[in-house]
Amino acid sequence: MNRLSALSILGLLGMSMMTPAYGFKRSMIAIDGSSTAYPITEAVAEEFQLEQKGAAAVTVGIAGTGGGFKRFCKGDIDITQASRPISEAEMLACKTSGIEYIELPIALDALTVAVSPKNKTLECITIAQLKKIWEPSAQGTVLTWKDVDTSWPDVRLNLYGAGSDSGTFDYFTEATVGKAKASRGDYTASENDNVIVTGIANDPFALGYIPYSYYSGNAAQLKPLKVDGGKGCVLPSIEAAQDGSYSPLSRPLFLYVSKQSADTNIGVRDFIHYYLTKGQPLVTEVHYLPLPAEVYTKLLARFEARTTGTVFGGHAAIGVSIHDIIERETVH
């Protein structure tokens, strides 16, 4: 039985435990947002509910980072998961609605550029080549592999990537093109990373980008490319994300917790405490990179102090180390 099925069964069992006959009241915790961070949060939610023995029920959605922030800043959910920092527009939306938030990095990702295993030509791609492929001016002009590099085959280039409501889309475009959301539009887009995996795997002329865990979980169907960010070709890996050599496509993943929910819902407090103290092995289990233990300790102190705001000021953190992020002061 996979984690998703187990989580669904836990939810059904919990529903039965809510009946008046038991006189039992559970803490309800609503989470939505990034499909990239979803495997981590889903795994933590399953284990947390087992430990709670029915005292808490957690729902985890995958509306995408942008969709999650829309719900979060309206006060519809307790926690949103994100694959990029909160944007200036989202900061304003939360402020307008009176939503204060606690920003918690929870893991690292090595965003993976992949092709079909049938592609025997390409082993490494540069950031300059990725920009040439994905920048808005490429639409209608960069149509074949040869249009990118004259040594590559003169065959159709079929592209797969994240939808515009995805934090992965925002991060990838900023890291490669130089501006978030600046992208050609003539590609197969989806907020569901499994759709992108299937598209790349079944198309010998495809190229796309996905979170590392979706590559790792489908490694037999995909061929990851080394990425040259200016210091040579580096294969995406957990180790390369940790040591900073896989740049600029390694990035932090986040939880944003409503301060009001943390103050009023004991289940939210218990869940975040569990996430930051016992979640590290689960991060590894779903093929992401856990943060150093001392960082989780600092994040727990931030949460318990209810330190609200963001350390990013509404902008992405391309190439910034996790230690630098933790030492920054928050802004609102």
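Whatever comes next refers back to the structure up there.
Throughout what follows, the structure given in this document is the object of discussion. The structure presented is a predicted model; accordingly, all values stated were derived computationally and were not measured. For every chain, the first residue of its written sequence is number 1, and the numbers climb from 1 along that sequence. Two thresholds apply to this predicted model, a pLDDT of at least 70 for residue-level local features and 80 or more for giving and counting side-chain atom pairs, whereas whole-chain, interface and lining totals are computed over all residues. Derived side-chain values reflect all non-hydrogen atoms in the structure, with water molecules and hydrogen atoms excluded from consideration.

1. Side note on the overall build of the protein
Strands are runs of DSSP state E lasting at least two residues, helices are runs of H or I lasting at least four, and both sets are numbered from the N terminus onward. A tally of regular secondary structure across the protein gives 15 helices and 13 strands. By its C-alpha atoms, the protein is 70 × 45 × 35 Å across when sized along the principal axes. Accessible area is worked out with a 1.4 Å probe on protein chains only. A residue is then buried under 20% of its type maximum, exposed over 50%, and partly exposed in between. The buried share among the 332 residues of the protein stands at 56%. For this analysis, residues touch if any pair of their heavy atoms sits within 4.5 Å. In the protein, of all internal contacts separated by at least 6 residues, the share reaching a separation of at least 24 is 74%. What sets the accessible areas is the Shrake-Rupley method with a 1.4 Å probe; for residues, cover comes only from the shown protein chains. Summed over its atoms, the accessible surface of the protein is roughly 14000 Å², and 53% of this surface lies on carbon and sulfur atoms. In the protein, the 29 positive side-chain charges and the 35 negative ones have mean positions that sit 2 Å from each other. Under the counting rule used here, the positive set is Lys and Arg, the negative set is Asp and Glu, and His together with the chain ends is not counted. Throughout, a charge is located at the NZ atom of Lys, the CZ atom of Arg, the CG atom of Asp or the CD atom of Glu.

2. Section: the sheet that holds strand 6 (residues 124–126)
The strand order across the open sheet formed by three strands is 6-11-12, and the pairing between neighbours is mixed. A single partner strand is all that each edge strand has here, and the edge strands are strand 6 and strand 12 (233–234). Two elements, strand 11 (residues 226–228) and strand 12, share two bridges in a ladder whose sense is antiparallel. Bridge pairing in strand 12 places Val227 opposite Val234. Across the sheet, helix 5 (residues 127–134) lies against strand 6 and strand 11, angled at about 75° from strand 6, the strand it touches most. Between any two strands, at least two bridges found by DSSP are needed for them to pair. With axes taken as lines fitted to C-alpha atoms, and helix axes fitted only over the stretch in contact, angles between N-to-C directions fall between 0 and 180 degrees.

3. Some words on the layout of surface pockets
Using protein atoms alone on a 1 Å grid, points that fit a 1.4 Å probe yet trap it form a cavity, whereas open point sets bounded by protein on both sides within 12 Å along at least five of seven lines form a pocket; residues with an atom within 4 Å of a point count as lining. Grid points are joined across faces, edges and corners, and a volume is the space filled by probe spheres set on the points. Space inside the second largest pocket adds up to approximately 320 Å³. The wall of the second largest pocket is formed by 18 residues, among which Arg84, Ser87, Asp170, Ala180 and Lys181 lie closest to the centre. Among the elements that make up the lining of the second largest pocket, the one with the highest residue count is helix 7 (residues 167–176) (three residues). The nonpolar class holds Ala, Val, Leu, Ile, Met, Phe, Trp, Tyr, Cys and Pro. Asp, Glu, Lys and Arg form the charged class, and all remaining residues, Gly among them, are polar. Classifying every residue of the lining of the second largest pocket gives five nonpolar, five polar and eight charged.

4. Quick look at the pairing of strand 5 (residues 112–115)
In the case of a regular strand, side chains alternate between the two sheet surfaces. Because side chains alternate across strand 5, one face comprises the buried residues Thr112 and Ala114, and the other comprises Val113 and Val115, equally buried. Alignment of strand 5 against strand 9 (residues 206–210), held across four bridges, turns out to be antiparallel. Each bridged residue has a counterpart across the sheet, and for Thr112 the counterpart in strand 9 is Ile210. Examined bridge by bridge, strand 5 and strand 10 (residues 223–224) share two bridges and lie antiparallel to one another. Residue Ala114 lies in a different strand from strand 10, and its bridge partner there is Pro224.

5. Description of the state of the cysteines
Cysteine sulfur atoms are paired as a disulfide whenever they fall within 2.5 Å. Scanning the model with the defined rule gives two disulfides in all. One disulfide bridge connects Cys73 with Cys94, the sulfur atoms lying 2.1 Å from each other. Residues Cys73 and Cys94 are joined by a disulfide whose S-S torsion is about -75°; by sign, that bridge is left-handed. One end of the pair, Cys73, is in helix 3 (residues 65–73); the other, Cys94, is in helix 4 (residues 88–97), with 21 residues separating them in the sequence. What makes Cys73 buried here is its relative accessible area of 4%. The buried category is assigned to Cys94, whose relative accessible area is 0%. In this model, Cys124 is linked to Cys233 through a disulfide, with the two sulfur atoms separated by 2.1 Å.

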